[in-house]
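Inside the fold
The primary structure of each chain is shown beneath.
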Amino acid sequence: MLIENGTIAAIANALPASGAQVIDASGSYVFPGFIDPHTHLDMPFGGTVTADDFASGTGAAALGGTTTIVDFALHQRGNSLANALATWEKKAAGKASIDYAFHLTIADGRPETLEEIPVMIEREGVNSFKCFMAYKHILQVDDETIFRVMQAAAKFGGLVQVHAENGDVIEVTVKDALAEGLTAPKYHALTRPVQLEMEATARAIWMAEVAGAPLYVVHVSSAGAADAISDGRKRGLPIYGETCPQYLVCDTSDYDRPAFAGANYVMSPPLREKWNQNVLIAKLKNGELQAVGSDHCSFNCGQKALGKDDFSKIPNGAPTIEDRVAILYERTVNTGAIGLNQFVALAATNPAKLFGLFPRKGTIAVGSDGDLVVWDPAATRTISAATHHMAADNSIFEGMTVRGTPRYVFSRGRLLVEGGKYVGETGRGIRQKSAPFRPVQL
Ligand code: URP
Ligand code: ZN
Ligand code: ZN
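To start, this report covers the structure provided alongside it. Everything numeric in this text was worked out from a predicted model, so none of it was measured.

Things to note about a nonpolar patch on the surface
A cluster of nonpolar residues, M1, I11, V30 and V366, forms a patch on the protein surface that exposes about 330 Å² of accessible area. Along the chain, the position of V30 falls in strand 3 (residues 29-32).

A short note on the environment of E89
Topologically, E89 is positioned in helix 2 (residues 81-92). On the basis of relative accessible area, E89 is assigned to the partly exposed category, the value being 26%. Beyond its immediate chain neighbours, meaning those up to four positions away, E89 contacts F102 and R431.

A short note on the site of ligand 1
By nearness alone, 14 residues border ligand 1, and K130, Y135, H163, S268 and D295 come closest of all. Here an oxygen atom of ligand 1 sits 2.7 Å away from a polar atom, N or O, in the side chain of Y135. Per-class residue counts for the shell around ligand 1 are five nonpolar, seven polar and two charged.

Comments concerning the coordination of the zinc ion (ligand 3)
In the first shell of the zinc ion (ligand 3), the protein supplies H38 (NE2), H40 (NE2) and D295 (OD), at 1.9 to 2.1 Å from the metal. For the zinc ion (ligand 3), the four donor atoms in the first shell make angles of 89 to 135 degrees at the metal, a pattern classed as irregular. Metal-to-metal, the separation of the zinc ion (ligand 3) and the zinc ion (ligand 2) is 4.0 Å.

With respect to the pairing of strand 9 (residues 128-132)
Most of strand 9 is tucked away: five of the five residues are buried. Of the two faces of strand 9, the one carrying S128, K130 and F132 and the one carrying F129 and C131 are both buried. As paired strands, strand 8 (residues 99-105) and strand 9 are joined by two bridges and run parallel to one another. Bridged to T105 within strand 9 is K130. Following the chain from strand 8 across helix 3 (residues 111-122) to the adjacent parallel strand 9, one finds a crossover that is right-handed. Judged from the five bridges that link them, strand 9 and strand 10 (residues 159-163) form a sheet pairing that is parallel. Its bridge partner being in strand 10, F129 is matched across the sheet by V160. Crossover handedness for the path strand 9 to helix 4 (residues 143-156) to strand 10: right-handed.

Some thoughts on the sheet that holds strand 11 (residues 215-217)
Read across the open sheet, the eight strands follow the order 4-7-8-9-10-11-12-13; overall the sheet is parallel. On the outer flanks of this sheet lie strand 4 (34-39) and strand 13 (291-292), each paired with one strand and no other. In the sheet, strand 11 pairs with strand 12 (residues 239-243) via three bridges, with the strands oriented parallel. What sits directly across from Y216, in strand 12, is Y240. Along the sheet, helix 7 (residues 194-211) contacts strand 10, strand 11 and strand 12; its crossing angle with strand 11, the most-contacted strand, is approximately 170 degrees. Of the strands in this sheet, strand 4, strand 7 (66-73) and strand 13 are in contact with helix 12 (residues 324-333), which crosses strand 4 at around 110 degrees.

The rules behind each value
Residues numbered from 1 in each chain as written. Chains lettered and ligands numbered in written order. Predicted model: local features only at pLDDT ≥ 70, side-chain atom pairs only at ≥ 80, totals over all residues. Heavy atoms only, no water. Patch = residues over 30% accessible without salt bridge, like charges linked within 9 Å, V, L, I, M, F, W, Y side chains within 5 Å. Areas by Shrake-Rupley, 256 points an atom, 1.4 Å probe, with all protein chains shown as cover. Salt bridge = Lys/Arg side-chain N within 4 Å of Asp/Glu carboxyl O. Helix = DSSP H or I, 4+ residues; strand = E, 2+ residues; numbered from the N terminus. Buried < 20%, exposed > 50% of the residue type's maximum accessible area, 1.4 Å probe, protein only. Contact = heavy atoms within 4.5 Å. Near = heavy atom within 4 Å. Polar contact = N/O pair within 3.5 Å; in protein donor to acceptor, adjacent residues only side chain to side chain. Nonpolar A, V, L, I, M, F, W, Y, C, P; charged D, E, K, R; others polar. Donors = N, O, S within 2.8 Å, 3.2 Å for Na, K, Ca; no water. Tetrahedral: all angles 85-135°; square planar, octahedral: opposite > 155°, others 65-115°. Pairing = 2+ DSSP bridges. Right-handed = clockwise from strand over helix to strand, strands pointing away. Axes fitted to C-alpha atoms, helices over the stretch in contact; angles between N-to-C directions.

Written out as structure tokens, the structure reads:
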């Protein structure tokens, strides 16, 4: 493979090497740079701001083999989508070490907001819009808003994403638990039962069907929600589902960890009973779920302590951007559950196709960007907050040993990572514009 001026110029059995830097990939796989379709960097949330900004977050991502992220720019109620995008572009510019694109969240369904959707798609290179069905009084929007966003997306080439949990019911279950004095982290999970994810997932799918809109369900945590997606797909609908590494290896028992460590596992949707994990993996294998995103949203223990006396005040999210690929590989390829091609599809190619970055990203082909991971399948490492490169002082994967790690990582032909060390320039990441969404068979 020859990379010239940042793109793949040739792929052949033999290539003249004179004048070129030669990388020895013997004993390794060469994968397309991995794409994380779901990150939250430098994001105000839960009364604080995420521990990782675009500098620390993308550096850690690169060390894990991720060469492109799609981050969420947060729309503020009553404000414009253009402002949200400009705010996030400013956060990333000059700080991101890998390439990045944006999704927009939608905070209201005002006519002005809806009118901006085609502008974002056609002019600004944003092809996806997330509606929150939970986090009442904060990010949640009502069904009317979701439906109107779906109509606009269907018309102009957008992909609607949903955070599928029933926020109205959760508001009640949380109030009831707190009134009974139930304040520990485990009540985060107990007040967000799986039925509320299943109901919201199914509701979003039915709404998308009526609107004639494609739908991407983010962070699917349970077998029941994944089944709702499978049902929609069986009806021939363009419905796509994403799960995250945390739902493949962590479970409800993590909330019982002593000394408030359970708070580090507080995320939404919450971790589920362990048996769900094998169902999610089976669905990743057979293509009923199409992508694995990190949902990286990192907080330090000190920030998690905001909810010391009230689980509902624990900032939701965990540091996962660095270990997404390794956990997926360990849990699927190393166990023989999933083959290499499907692994690459889930972690790189499908996200690129869904979010308008393919074939520039997500594949190894002549003309594509020289984003490559030389992956040593034999090297092992044990994940720990003491050695990871994310800013957070905790890891939900603490102590897990994974086999398979990046030996070299290239971004547009430039070496970023060698032997577990970041050796690239910082802040070299380029904003990627997403092409409008077109339904793809995945
Ligand atoms: O707990 C989570 N998932 N935090 C990030 C925000 C979101 O809902 O994606
Ligand atoms: Zn969400
Ligand atoms: Zn998220």
